[in-house]
Amino acid sequence: MNEPRPSPQLLAWVEQTLGSTVRVVGWKRLTGGLTSIVHRLTVERNGRREQYVLRWWASDGEWDQWIARAVGLETAILAQLEGTDIPAPRVIGSITDAALGGPAILMMRMPGKVHLMPRDRERWLRQMAQMLARIHALALDGKPFESWLDRSQLSPPPDASRPAVWRQAIARLAEGRPAARTCFLHRDYQHFNMLWSGERLTGVVDWSEACLGPPEVDVGHCRLNLTVLFSADVADRFRAIYEAESGHSVDGWWDLQALLSYGPAWKQFLPIQIDGRAPLDVEGMTGRMEDVLERALRRL
């Protein structure tokens, strides 16, 4: 299979955006993303080399309108984040015009890389929880939260060993609950969207779904990802640290809604995101989710 590469039109747009003396001299695909294609670009300017990040989307017809909105949203959110202490990418430019190679976003390259196997997991979790509490404390504008979950389609996964746990969780979710409080959300907060320099968290990326909603949306989504990769114990520890750092208890109903986003497709796409960075017990994923759901139900 041919490796996707930026089109000549897109590279020309990059050069034009960065200035007449700039030439793109190299690019490398950054792995782990699912919805977009990301390249680290090397450019030459007056004999000196610099690096940027180009996030772009291949048109498939079905998602083109969503992608165009996502480009505009992420560009606007990153512009807002420039005035904060959150380590997010700085936007250089964005484009949605397909004739010019879009849709795409050109950003400054941030230091760090995805880091899934820390020497000190407690410190790793603490930094993630502290960063999330800082994000939730931001007074920024955003679109209202919209759930990705279709409750009418929920059912125990085909490989469930404790289907009663899933049915109980689905039944509790059907009861509904208004948001107790809202704040600024990353909306896809999990370890694949964090950059680390050594053992230090130095960047948070992928802000295309940022919005205003219940903080548990971010906490629960991160807990889901921690559970499928590691265990319910790790996910519960993250919740406890977040509660201590933020000064707020995690609402059990909203936590449950985030956890129930798990489904059979996770066994297909999670190995793509991990890309060999950590061992993954694929067959045990659903069992680990049953562990965390049982614990979440006890908190309701």
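Scope of this entry: the structure provided in the associated data block.

Rules used in this analysis
- Residues numbered from 1 in each chain as written.
- Predicted model: local features only at pLDDT ≥ 70, side-chain atom pairs only at ≥ 80, totals over all residues.
- Heavy atoms only, no water.
- Salt bridge = Lys/Arg side-chain N within 4 Å of Asp/Glu carboxyl O.
- Helix = DSSP H or I, 4+ residues; strand = E, 2+ residues; numbered from the N terminus.
- Pairing = 2+ DSSP bridges.
- Axes fitted to C-alpha atoms, helices over the stretch in contact; angles between N-to-C directions.
- 1 Å grid on protein atoms, 1.4 Å probe; cavity = no way out; pocket = protein on both sides within 12 Å on 5 of 7 lines; lining within 4 Å.
- Points joined across faces, edges and corners; volume = space filled by probe spheres on them.
- Core = buried A, V, L, I, M, F, W, Y, C linked by side-chain atoms within 4.5 Å.
- Buried < 20%, exposed > 50% of the residue type's maximum accessible area, 1.4 Å probe, protein only.
- Contact = heavy atoms within 4.5 Å.
- Parallel < 35°, antiparallel > 145°, perpendicular 65-115°, else oblique.
- Nonpolar A, V, L, I, M, F, W, Y, C, P; charged D, E, K, R; others polar.

1. Quick notes on the pattern of salt bridges
The final tally for this structure, using the stated rule, is 23 salt bridges. Close ionic contact of Arg45 with Glu50 constitutes a salt bridge, the shortest N to O distance being 3.1 Å. A salt bridge links Arg223 to Asp255; the shortest N-O distance between them is 2.9 Å. With a gap of 32 residues between them, Arg223 in helix 5 (residues 216–229) and Asp255 in helix 7 (residues 252–259) connect regions that are remote in the sequence. If you follow the salt bridges from partner to partner, you end up with Arg223, Asp233, Asp236, Asp255 and Arg295 in one network.

2. Some remarks on the sheet that holds strand 5 (residues 104–108)
The strand order across the open sheet formed by 5 strands is 1-2-3-5-4, and the pairing between neighbours is antiparallel. Bordering the open sheet on either side are strand 1 (22–30) and strand 4 (91–95), each of which pairs with just one other strand. Between one strand and the next, the sheet's axes are offset by a mean angle of 25 degrees, whatever the strand orientation. With 4 bridges joining them, strand 4 and strand 5 adopt antiparallel strand pairing. Note on strand 5: the bridge partner recorded for Ser94 is Ile105.

3. Focus on empty space enclosed by the protein
Following the criterion strictly, the structure yields 1 cavity of 30 Å³ or more and no others. In terms of lining, the largest cavity is formed by Phe145, Ser147, Trp148, Leu149, Arg187, Val217, His221, Leu224, Gln257, Ala258 and Ser261. Contributing elements (two or more residues each) for the lining of the largest cavity: helix 5 and helix 7. Ranked by residue count, the leading element in the lining of the largest cavity is helix 5, at 3 residues.

4. Description of the sheet that holds strand 7 (residues 183–185)
What the 3 strands build is an open sheet, ordered 6-10-7; its pairing is mixed. The sheet terminates laterally at strand 6 (143–144) and strand 7, the two strands that pair on one side only. Examined bridge by bridge, strand 7 and strand 10 (residues 211–213) share 3 bridges and lie antiparallel to one another. Bridge pairing links Cys183 to Gly213 in strand 10.

5. Description of unusual backbone geometry
The residue after Gly102, namely Pro103, is reached through a cis peptide bond having omega 0 degrees. As for its position among the elements, Pro103 is in the loop between strand 4 and strand 5. Phi is positive for Asp275, close to 50 degrees, though the residue is something other than glycine. With respect to the secondary-structure elements, Asp275 resides in the loop between helix 8 (266–274) and helix 9 (285–298).

6. What about the nonpolar core?
One finds Leu81, Tyr189, Trp207, Leu226 and Phe238 to be the most contacted residues of the largest nonpolar core, which totals 77 residues. Residues in contact with Tyr189, not counting those within four places in the same chain, are Met128, Met131, Leu132, Ile135, Met194, Val204, Asp218, His221, Cys222 and Phe238. If you look at the next biggest cluster of nonpolar residues, it comprises 16 residues, including Val14, Leu18, Val22 and Ile37.

7. Side note on the packing of helix 5 against helix 8
Between helix 5 and helix 8, whose axes approach to 12 Å, the crossing angle comes to 90 degrees. If you check the angle between helix 5 and helix 8, you find them roughly perpendicular. Between helix 5 and helix 8, the contacting residues are His221, Leu224, Asn225, Val228 and Leu229 on the first element and Trp266, Leu270 and Ile274 on the second. For the contact of helix 5 with helix 8, the class distribution of residues is 6 nonpolar, 2 polar and no charged.

None of this, on its own, says anything about what the molecule does.
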